[in-house]
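Reading the structure
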Amino acid sequence: MSYARPSDKFLASRGISLVKQLTEDQIDAIKELINIGVGRAASLLNEMVGFPICLEIPFIQVFTVEDLQQELIARFNSNYLATVRLEFSGSINGSAELVFPTESASTLVSILTGEDLGSPDLDAVKIGTLTEVGNIVINGVIGSLGNLLKQRMNYLIPTYTEDTVENLFAAVEPDDSTIVLAQASFTIEQLQVIGDLIFIFELQTFDQLIAAIEEVA
Amino acid sequence: MEQLQQAQQNFSILDQVPLGACILRSDLTILFWNSCLEEWTKLSRAEMLGTCIGDRYPHFRQTQYANRLQQIFQGGPPTIFSSQLHKHVIPASLPQGQMRIQHTTVTSLPALEGDEFYALLSIQDVTDLTFRVQEYRQMRDRALAAQETAEKANRVKDEFLAIVSHELRSPLNPILGWSRLLRTNQLNSATIDRALDTIERNAKLQAQLIEDLLDVSRILRGLKLNWEIVDLANTITSALDTVVLAAEAKSIQIGLSLNPSVGLVRGDSSRLQQVVWNLLSNAVKFTPSGGQIEISLARVGSREQEAGSTKQGVGSREKKAEGAEGEKTTLNQPSSRSVAPAFTVNHQPSTNYQLPTTNYAQIQVSDTGKGISADFLPYIFEYFRQADSSMTRAYGGLGLGLAIARQLVELHGGTIWADSHGEGMGATFTVELPIYEESREQGKES
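Summary of the structure given here. The structure displayed is predicted, hence computed values, not measured ones.

Some remarks on the overall build of chain B
The number of helices and strands found in chain B is 15 helices and 12 strands. Sorting the 446 residues of chain B into buried and exposed places 47% on the buried side. Contacts in chain B between residues at least 24 apart in sequence constitute 68% of all its contacts with a sequence separation of at least 6. Carbon and sulfur atoms make up 52% of the accessible area of chain B, which totals about 22,800 Å².

Below is the structure:
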């Protein structure tokens with residue numbers, strides 16, 4: 001798997017015309033933003049569980065919803081994924097999702113709670129924990145985004161879902177007005193826990209994000 | 001004060017929800033405390049409103065809470081404190097005394113004045129859910145374990161059937177083969193003798209196999225013993241007679257040390273002989289040519305009596321003696337009483353430790369054979385078990401001898417266990433049977 005940023009040519013070949021507007025510097029700025037947020041989340045988790053957790057974002061990619069769906073299907077087949085989703089509106093509309101293969105999710109819960117893994121299924125109690133962890137990671141990133149935009153955003157309550165890739169994105173209308181800005185894979189070192197951070201932004205408000213990023217880039 | 005009153009009016013709807021609800025100002029002052037929380041904590045809103053929640057619950061000032069609340073007070077996204085990672089955000093107990101397990105969601109609310117934000121804590125009581133989940137997990141684990149045991153038992157039985165058929169068939173081949181050759185009438189007398197020997201030996205072998213199988217089924221149905229007074233020294237020598245030839249054939253030396261004053265126990269003499277025979281024939285079977293087997297009969301008492309004794313036990317080798325006192329695996333042995341060295345107990349001064357129930361006749365059979373791996377040691381006395389199926393092919397037999405021995409020993413109120421330092425390190429089997437009362441009296445007089 002290449003960690004390189006997708007080339008403009010690659011993006012153009014997929015008809016992501018607007019993404020072309022993103023320069024290398026802008027993508028770096030987004031990456032920076034997400035990394036800061038994830039770093040905050042990691043230090044918070046460290047404090048909570050009392051041992052070092054390292055969250056890494058090895059790469060960030062930009063996709064259309066359809067392409068992202070294809071990518072995730074290729075990676076996870078029709079396996080069940082556990083996701084924590086936070087929907088937001090305001091100067092930017094969209095949602096942030098933390099996506100785990102269910103086994104990764106269950107391993108993560110066991111590590112955090114010090115409980116025996118037992119069976120890898122997720123029950124109501126484990127789901128509560130996973131929702132909190134997802135919430136911490138997403139809030140880290142969304143928090144730095146909110147600071148950056150300096151505008152009040154509205155948030156819904158975080159939700160937990162377990163479903164296949166196809167169904168997880170069923171609610172997202174794959175039309176021109178929607179774009180996935182970043183798919184950031186993260187790993188917890190030595191623990192073999194892999195997850196994806198996915199941000200879905202609505203297109204008409206994308207300009208504002210770029211403008212805000214331009215300011216820091 | 002005005003802010004507090006305003007909060008009561010604005011948020012009174014939170015008294016209608018079945019969740020604990022509490023509203024905090026950024027300085028951690030409690031602005032609202034709903035009736036559900038009043039009931040859970042037994043703290044009235046009169047006591048709580050206007051006070052700092054950090055004064056009552058200091059963990060709110062810990063960085064991991066403070067940092068996340070900070071984001072809320074700035075209008076940030078909702079924060080969750082899950083039950084597994086934070087059991088009691090606002091400690092509250094159930095009527096039965098146990099603490100309520102809570103799942104808390106904190107959302108930011110625009111402040112009633114200014115552009116600040118308040119934190120609204122919505123607390124869900126998930127005690128019942130948590131216990132139900134635990135119950136469900138336990139039930140599921142038990143069901144899985146039961147299923148595994150059943151499957152394993154089935155596998156063992158299948159394997160056993162395969163072994164039985166194989167073992168019953170193998171003696172038939174030489175019997176049939178030699179019978180056919182005998183019919184040809186073309187054999188010289190030496191070959192005829194050999195043929196008859198072979199037929200006889202294999203017929204006996206098969207008879208023994210069938211006898212074992214019948215024993216198992218008798219024992220499983222509840223065996224009746226012919227109770228009498230048995231002299232174990234005789235039992236051992238008679239059992240020895242039947243294996244001496246087999247041992248000689250493999251050049252195995254058998255060492256015997258009998259304490260003649262021990263012998264008498266209550267039991268069924270033929271069954272006890274069967275126990276000793278099983279242990280001896282096992283030892284012969286699993287000891288390579290040129291090896292050594294030791295049998296001893298001794299009297300053992302309580303642990304206190306054994307302590308301080310330095311004499312070596314039955315094991316001729318240093319290692320085995322260590323093993324007997326050190327890391328020994330004991331089966332059906334209620335206490336960790338170590339093995340008493342032979343010929344020592346009678347020399348012990350008679351003390352008040354000598355309780356009537358602590359005197360046992362101890363038979364030990366140790367060998368220099370292939371030993372028992374630590375993995376298999378716990379199962380060695382189970383029915384239908386041999387260390388692995390390939391062992392059956394290499395050594396023959398049904399793997400019933402030890403299971404039968406254990407059942408018989410237990411029917412006599414005794415215990416049996418095995419020690420081994422592992423594969424290739426030999427093994428020691430120990431049987432202890434309660435000494436017959438009168439024999440102890442006689443023992444003292446003599």
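Structure shown, so let's carry the discussion forward.
A short note on the packing of helix α10 (residues 269–286) of chain B against helix α14 (residues 401–411) of chain B
Two quantities define a packed helix pair, namely the angle between the helix axes and the distance between the axes. Residue and element names in this part refer to chain B. In the contact formed by α10 and α14, the axes pass within 9 Å of each other and the chain directions differ by 145 degrees. Crossing of α10 over α14 shows left-handed handedness. The residues of α14 that touch α10, namely those facing R271, Q274, V275, N278, L279 and N282, are G401, L402, I404, A405, L408 and V409.

What to know about the pattern of salt bridges
Per the counting criterion, the structure on display carries 13 salt bridges over all chains. With a shortest N-O distance of 2.8 Å, R137 of chain B and D123 of chain A are connected by a salt bridge. On the criterion of chain membership, the pair formed by R137 of chain B in helix α6 (residues 127–169) and D123 of chain A in the loop between α4 (102–113) and α5 (124–149) is interchain, its members lying in two chains. Using a relative accessible area of 13% as the deciding quantity, one classes D123 of chain A as buried. A salt bridge links D27 of chain B to R25 of chain B, with the shortest nitrogen-to-oxygen separation between them at 2.9 Å. The partly exposed category is assigned to D27 of chain B, whose relative accessible area is 43%. Each of D15, E38 and R45 of chain B takes part in one network of salt bridges that share partners.

Describing a negative patch on the surface
All names here are of chain A. A surface patch of like charges, here negative, comprises D25, D28, E32 and E214. Examining the composition of the negative patch, we find that 3 residues originate from one element, helix α2 (residues 24–49), more than from any other. With respect to the secondary-structure elements, E214 resides in helix α7 (residues 206–216). With a relative accessible area of 43%, E214 lands in the partly exposed category.

Details of the packing of aromatic side chains
All names here are of chain B. Counted under the stated rule, the structure contains 4 aromatic pairs over all chains. For the ring pair Y65 and F81, a centre distance of 5.0 Å and an interplane angle of 25 degrees mean the geometry is stacked. Taken together, the positions of Y65 in helix α5 (residues 63–73) and F81 in strand β3 (residues 79–81) put the pair 16 residues apart, joining distant regions of the chain. Accessibility classification places Y65 together with F81 in one group, the buried group. Aromatic pair F381 and F429: ring centres 6.1 Å apart, planes at 90 degrees, arrangement edge-to-face. Placement of the pair is F381 in the loop between β10 (360–367) and α13 (389–395) and F429 in strand β12 (residues 427–434), with a sequence separation of 48 residues.

Focus on the pairing of strand β2 (residues 30–33) of chain B
All names here are of chain B. Inspection of the sheet shows strand β1 (residues 20–24) paired to β2 by 3 bridges, in the antiparallel sense. Within the sheet, the bridge partner assigned to L24 lies in β2 and is I30. If you look at the hairpin formed by β1 and β2, you'll find 5 residues sitting between the two strands, and L28 has a positive phi there, around 70 degrees.

Description of α5 of chain B
Helical periodicity: at 3.6 residues per turn, an α-helix aligns residues three or four positions apart in one direction. Those residues of α5 of chain B that sit buried are Q64, Y65, R68, L69, Q71, I72 and F73 of chain B. Of the surrounding elements, those touching the buried residues of α5 of chain B are α2 and α5 of chain A together with β1, β3, β4 (102–110) and β5 (117–125) of chain B. Downstream of α5 of chain B by a residue or two, G75 of chain B has a phi angle that is positive, lying close to 80 degrees.

A word on the nonpolar core
One finds L280 and F429 of chain B to be the most contacted residues of the largest nonpolar core, which totals 48 residues. Residues I34, L44, I53 and L55 of chain A belong to the second largest nonpolar core, which totals 44 residues.

Regarding the sheet that holds β10 of chain B
Residue and element names in this part refer to chain B. Taken in spatial order, the 5 strands of this open sheet run β7-β9-β10-β12-β11, and their pairing is mixed. Both edges of this open sheet fall to β7 (253–258) and β11 (415–420), since each of them pairs with a single strand only. Averaged over neighbouring strand pairs, the angle between their axes works out to 15 degrees when direction is ignored. Across 8 bridges, β10 lies against β12 in antiparallel orientation. The residue bridging Y360 from the neighbouring strand is P434, located in β12. Contacts between helix α9 (residues 232–249) and the sheet are confined to β7, β9 (292–300), β10 and β12, with β7 contributing the most and set at about 175 degrees to the helix. The strands that α10 touches are β9, β10, β11 and β12; relative to β10, the one it contacts most, it runs at about 20 degrees.

Thoughts on unusual backbone geometry
Residue and element names in this part refer to chain B. Phi angles above zero are rare outside glycine, and N185 is one such case at about 60 degrees. Phi at S251 takes a positive value of approximately 50 degrees, unusual for a residue other than glycine. Assignment of secondary structure puts S251 in the loop between α9 and β7.

With respect to the interface of chain B and chain A
Listed per partner, the contact involves 27 residues of chain B and 31 residues of chain A. Taken together, the two surfaces of chain B and chain A that pack against each other cover about 2,300 Å², and 57% of this comes from carbon and sulfur. At the junction of chain B and chain A, the tally comes to 2 salt bridges. Summed over the shared surface of chain B and chain A, the result is 10 residue pairs in polar contact (both at pLDDT 80 or more). Secondary structure elements with two or more residues in the side of chain B that touches chain A: α5, β3, β4 and α6 of chain B. Its residues assigned to classes, the side of chain B that touches chain A comprises 8 nonpolar, 16 polar and 3 charged.

Some details on the sheet that holds β1 of chain B
Residues and elements named next belong to chain B. Strand order in the open sheet formed by 5 strands is β2-β1-β5-β4-β3, and the pairing between neighbours is antiparallel. Each edge of the open sheet is held by one strand with a lone partner, namely β2 and β3. Between one strand axis and the next, the sheet turns through 20 degrees on average, direction left out of account. Looking at chain direction, β1 and β5 are connected through 5 bridges and run antiparallel. Among the inter-strand pairings, A21 is bridged to a residue of β5, identified as S122. Packing of α5 onto the sheet brings it into contact with β1, β3, β4 and β5, and relative to β5 it is tilted by some 120 degrees.

Definitions and cut-offs
Residues numbered from 1 in each chain as written. Chains lettered and ligands numbered in written order. Predicted model: local features only at pLDDT ≥ 70, side-chain atom pairs only at ≥ 80, totals over all residues. Heavy atoms only, no water. Helix = DSSP H or I, 4+ residues; strand = E, 2+ residues; numbered from the N terminus. Buried < 20%, exposed > 50% of the residue type's maximum accessible area, 1.4 Å probe, protein only. Contact = heavy atoms within 4.5 Å. Areas by Shrake-Rupley, 256 points an atom, 1.4 Å probe, with all protein chains shown as cover. Axes fitted to C-alpha atoms, helices over the stretch in contact; angles between N-to-C directions. Left-handed = near helix turned anticlockwise from the far one by under 90°. Salt bridge = Lys/Arg side-chain N within 4 Å of Asp/Glu carboxyl O. Patch = residues over 30% accessible without salt bridge, like charges linked within 9 Å, V, L, I, M, F, W, Y side chains within 5 Å. Lys, Arg positive; Asp, Glu negative; His and termini not counted. Charge placed at Lys NZ, Arg CZ, Asp CG, Glu CD. Phe/Tyr/Trp six-rings, centres within 6.5 Å; stacked < 30°, edge-to-face > 60°. Pairing = 2+ DSSP bridges. Core = buried A, V, L, I, M, F, W, Y, C linked by side-chain atoms within 4.5 Å. Buried area = accessible area lost by both parts, 1.4 Å probe. Polar contact = N/O pair within 3.5 Å; in protein donor to acceptor, adjacent residues only side chain to side chain. Nonpolar A, V, L, I, M, F, W, Y, C, P; charged D, E, K, R; others polar.

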